[in-house]
Amino acid sequence: MDKQVTIELTHLQNDGDIALERMYRSYKAEFFDFGRRYLSSDEDISDIYQDTVIAMYEKVATGQLTELSCSVKTYLFSIGKHLMINRYKSNQQVKFELFEEVDLAGSIDVYPPELSLQAEKLKTVILQLEDGCQRILTLYYYRNFNMESIAANLGYKNANVVKSHKARCMKRLRKLFLSS
Amino acid sequence: MNDRDKYLIERYIKASLTPDEEVEFENRKGDTEFSREVIFQSDLRDAIFAVKRDKLKQRLKHSNNPEASGKRIFRLQYILAAASIVILVIIATVALLRYESPNVDQLYAEYFESPPNIVAPMLKSDEDKASTYDSAFQLYEMGDYKKADQAFELLRDDDNVQFYQAMCKLNLENWDDAKTGLTSIYHADGKYSKNAQWYIALIEIRLGKIEEARLSLTQIISLKDHPYQADAEQLLRALNTL
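Report follows, based on the coordinates. The residue numbering used here restarts from 1 in each chain and proceeds along that chain's sequence as written. Labels follow written order: the first chain is A, the first ligand is 1, and so on. Local features in this predicted model are restricted to residues of pLDDT 70 or higher, and side-chain atom pairs are both shown and tallied only at a pLDDT of 80 or more, whereas totals for entire chains, interfaces and linings draw on every residue.

## So, the overall build of chain A
Test applied: We count a stretch as a helix when DSSP gives it H or I for four or more residues in a row; a strand needs E for two or more, and each element gets its number in order from the N terminus. Here the C-beta atoms are placed from the backbone, and a residue counts as buried if at least 20 other C-beta atoms lie within 10 Å of its own, exposed if 12 or fewer do, and partly exposed otherwise. Once C-beta atoms have been placed from the backbone, residue pairs whose C-beta atoms lie within 7 Å are recorded as contacts.
Tallying secondary structure elements over chain A gives eight helices and zero strands in all. The linear arrangement of helices and strands in chain A, starting from the amino end, is α-α-α-α-α-α-α-α. The buried share of chain A, taken over its 180 residues, is 32%. Across chain A, every contact between residues at least 6 apart in sequence was considered, and the portion connecting residues at least 24 apart equals 65%.

Dropping the structure here:
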């Protein structure tokens, strides 16, 4: 894997949201030029670019993407293209003549799942939890961290403290969920 | 639900079941309670992902700036510049008169995070025998900032107590008291001095004291190895776009 690609992926993995923002700014102007081949609205392109960067970040943060055989930019733009095609199909105001030129092969799974009713309700409940709980649950479910890594990341004494804290957070979450 | 079931569900959620565990997992799915917990945990994971996506999206939207949006937007800005400048002058005047920008609340909310209780985290075994000291921190951890503030008031004034009490006041939006407490922590140059410096900058932003905030952030940025250096850089950039 190219050294620059390794560096960018490592930053995304370790520095999290800050690295995400850095990547967002790095490729933004080029992505807009690229996006205008498919979409006529800068607002749509901006929206898709945000989804694109988040989709890639999610793959790196969750450990699904650890190496690349192409540049970060190529990968990012591939995701963006798929998202744009999706938007492209649902929008009557776009440039239809370009549609046939788009290569649909090698589709990348980047679309977030539709939330069930229970998940929608849980989403509201999560936001009612105190910050400490939100942080622990995010690291556990989103970043796929184990208890030791969460302890190191949030400055807890050890994994047992985190385990106990997480259990309390879950208890509170279930209570809020049942009463909502 | 027994420990084995919990283990299997955890492995399933983290997509790390071994082939043998997968068979065991499938067999257990016939159990109603097990199945319900699997659905609950899966939905919880989806919900957490959705919350995180929303937060990231907000963050990226906020980091938008006209220069990076490309030539088309630049051209549009050029055409509208004459008209915009009048509006900008009016907005700036109103903002200056009010000494507050309508975006500062949003900025503050985006960057403010109440620090976790790492002084006396709650443990199951502590439930019935927590000391007064630990109880104060646990009230803080539970988000009961009013009671925690009162509890801290009665404690010996050490570094931890001072800092977390200031955090209570911040969460209670008692800006003046929070800033007074944090300023004292900052000048004491103890273990929370740098944290205090960051939260003081946030209070200044929240109160619309933009120039003071800029100065505080610039000081943070200039300090080597300051834990909030990167955040301060970002925040200062965001502040400059207001």
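## Observations regarding the overall build of chain B
From N to C terminus, chain B includes 12 helices and zero strands. If you list the helices and strands of chain B from N to C, you get α-α-α-α-α-α-α-α-α-α-α-α. Long-range contacts, defined here as pairs at least 24 residues apart, represent 41% of the contacts in chain B between residues at least 6 apart.

## What about the packing of helix α11 (residues 210-222) of chain B against helix α12 (residues 229-240) of chain B?
Residue and element names in this part refer to chain B. Worth spelling out the cut-off: Orientation is described by lines fitted to C-alpha atoms, with helices fitted over the stretch in contact, and by angles between N-to-C directions that extend from 0 to 180 degrees. Note: crossing handedness is left-handed where the near helix turns anticlockwise from the far helix by less than a right angle, and right-handed where it turns clockwise. Think of it as three bins: nonpolar holds Ala, Val, Leu, Ile, Met, Phe, Trp, Tyr, Cys and Pro, charged holds Asp, Glu, Lys and Arg, and polar takes everything else, Gly as well.
Two numbers describe how α11 lies on α12: the axes approach to 9 Å, and their chain directions differ by 150°. Helix-helix and strand crossings are classified by hand; for α11 and α12 the assignment is left-handed. Counting all contacts with α11, which are made through I210, A213, R214, L217, T218, I220 and I221, the residues of α12 involved are Q229, A232, E233, L235, L236 and L239. Of the residues assigned to the contact of α11 with α12, the class counts are nine nonpolar, two polar and two charged.

## Some details on the nonpolar core
As a reminder, the rule being used: Joined through C-beta atoms within 7 Å, a set of buried Ala, Val, Leu, Ile, Met, Phe, Trp, Tyr and Cys residues constitutes a nonpolar core.
Counting residues in hydrophobic clusters, the biggest one holds 36 residues, and the most contacted among them are Y140, A148, L182, A196, Y199 and A201 of chain B. Secondary-structure elements contributing two or more residues to this core are α5 (104-111), α6 (132-141), α7 (145-153), α8 (159-171), α9 (175-188), α10 (193-206), α11 and α12 of chain B. Discounting chain neighbours no more than four positions away, the residues touching Y140 of chain B are N117, Y145, A148, Y164 and C168 of chain B. M23, I54, V72 and I79 of chain A belong to the second largest nonpolar core, which has 27 residues in total.

## Quick word on α6 of chain B
Residues separated by three or four positions in an α-helix point in the same direction, a consequence of the helix having 3.6 residues per turn. Those residues of α6 of chain B that fall on the buried side of the exposure criterion are A136, F137, Q138, L139, Y140 and E141 of chain B. Following α6 of chain B by one or two positions, G143 of chain B has its phi on the positive side, about 85°.

## Some points on the interface of chain A and chain B
Contact with chain A, which involves 41 residues of that partner, is made by 38 residues of chain B. Of all the secondary-structure elements, those providing two or more residues to the side of chain A that touches chain B are α2 (17-35), α3 (42-61), α5 (117-128), α6 (131-142) and α8 (159-179) of chain A. Considering each element in turn, the side of chain A that touches chain B owes the most residues, 10 residues, to α2 of chain A. Its residues assigned to classes, the side of chain A that touches chain B shows 20 nonpolar, 10 polar and 11 charged.

## Thoughts on the environment of I136 of chain A
Residues and elements named next belong to chain A. With respect to the element layout, I136 can be found in helix α6. Distance from I136 to N153, taken between C-alpha atoms, is 9.6 Å for residues 17 residues apart in sequence. Not counting residues up to four positions away in its chain, the partners in contact with I136 are I150, V162, H165, K166 and C169.

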